[in-house]
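So the chains spell out like this:
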Amino acid sequence: MNEKANVTKELNARHRKVLEGLLKLPENRECADCKAKGPRWASVNLGIFICMQCSGIHRSLGVHISKVRSATLDTWLPEQVAFIQSMGNEKANSFWEAELPPNYDRVGIENFIRAKYEEKRWVARDGKPKSPSREQEEKATMHWPKPSERVGHRYTSSSERLSDERKNIQPPTRKENAPGTRVSVPVPPRGPEQVTPVPKAQDVQKIEPAVRQPEPTKQAPNSTPAAAPPSYCHSKI
């Protein structure tokens, strides 16, 4: 049973308004593959808007890879509109072009599209889509000049400004004039100190060394007492 037959004219008109609104978004104003302006075709299973030239290449890939529909002429199913509304070029390329080098040459657009969707050459190795912040950093590196080319005014990317701000942040320093916090430590009480008076120069007396006196000679106990001298008596005449 054809599912498109269930889409009424009112529903189809509503779908076209949704698609026209999606085409006016900044990320959908260019072809998802060649970056041509004003895409009017889409891959309903990839959720991207593409130009007419890329739509022919997508048809050659097979419906198992890409199902091409006109965004303004064909009838869309509700689930197809809901999917491309949730996806879009920017989100889809964050997966399919996660490892694509900046300023990649897309001159051979057919080879580029086949490598992108058939070989999945630039899909992230971990299978995760590229974050928007990473994509913005790559765009910044594409437009900003190299460090060696910066003369006069200094041009810095957002990542460089962030690193400079981190370097300029310094811990608060202590001001020299600010009074420091004093910690009082209790001192144990002391007893009364004895002050020894210092003698003056006048009070100082010369101290002579004592002369050792000779010891008296002891007499032997058996020694004979000395004879007393004779006494003479004188008579008066």
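Residues numbered from 1 in each chain as written. Predicted model: local features only at pLDDT ≥ 70, side-chain atom pairs only at ≥ 80, totals over all residues. Heavy atoms only, no water.

Labelled according to an unreviewed UniProt entry, the chain appears under the name Arf-GAP domain-containing protein, originating from Cannabis sativa.

Brief notes about the overall build of the chain
Each helix and strand counted, the chain has 7 helices and 3 strands in total. Taking all 237 residues of the chain together, the buried fraction comes to 26%. For the chain, the computed accessible surface area is about 19,600 Å², with 54% contributed by carbon and sulfur atoms. (Helix = DSSP H or I, 4+ residues; strand = E, 2+ residues; numbered from the N terminus. Buried < 20%, exposed > 50% of the residue type's maximum accessible area, 1.4 Å probe, protein only. Areas by Shrake-Rupley, 256 points an atom, 1.4 Å probe, with all protein chains shown as cover.)

Comments concerning the sheet that holds strand β3 (residues 68-70)
Pairing is antiparallel across the open sheet formed by 3 strands, whose spatial order is β2-β1-β3. Strands with a single pairing partner mark the edges of an open sheet, and in this sheet they are β2 (48-50) and β3. Mean inter-strand twist for the sheet, computed between neighbouring axes without regard to direction, equals 35°. Of the strand pairs in this sheet, strand β1 (residues 41-43) and β2 are connected by 3 bridges, and their pairing is antiparallel. When the bridges of β2 are listed, W41 appears paired with I50. (Pairing = 2+ DSSP bridges. Axes fitted to C-alpha atoms, helices over the stretch in contact; angles between N-to-C directions.)

Side note on the environment of C31
Along the chain, C31 falls in the loop between α1 (9-23) and β1. Leaving out residues up to four positions away in the same chain, C31 has contacts with A36, P39, F49, I50, C51, C54 and N89. (Contact = heavy atoms within 4.5 Å.)

Notes on the packing of aromatic side chains
Across all of its chains, the model carries 5 aromatic pairs by this definition. Between Y104 and F112, the ring centres sit 6.0 Å apart and the planes meet at 40°, which makes this aromatic pair tilted. Residue F112 is classed as buried on the basis of its relative accessible area of 3%. Grouping aromatic residues by their ring pairs yields a cluster made of F95, W96 and Y117. (Phe/Tyr/Trp six-rings, centres within 6.5 Å; stacked < 30°, edge-to-face > 60°.)

As for α1
When the terminal C-alpha atoms of α1 are compared, their 21 Å separation across 15 residues agrees well with the 21 Å that a helix rising 1.5 Å per residue should span. Regarding α1, the residues found buried are N12, H15, L19, L22 and L23. Burial along α1 is one-sided: seen end-on, the buried residues are contained in an arc of 95°. Exposed side of α1, more than 90 degrees from the buried face: E10, R14 and K17 are the residues found there. In the core, the buried residues of α1 are packed alongside β2 and α3 (78-86). (Expected span 1.5 Å × (residues − 1). Arc of directions from axis to C-beta.)

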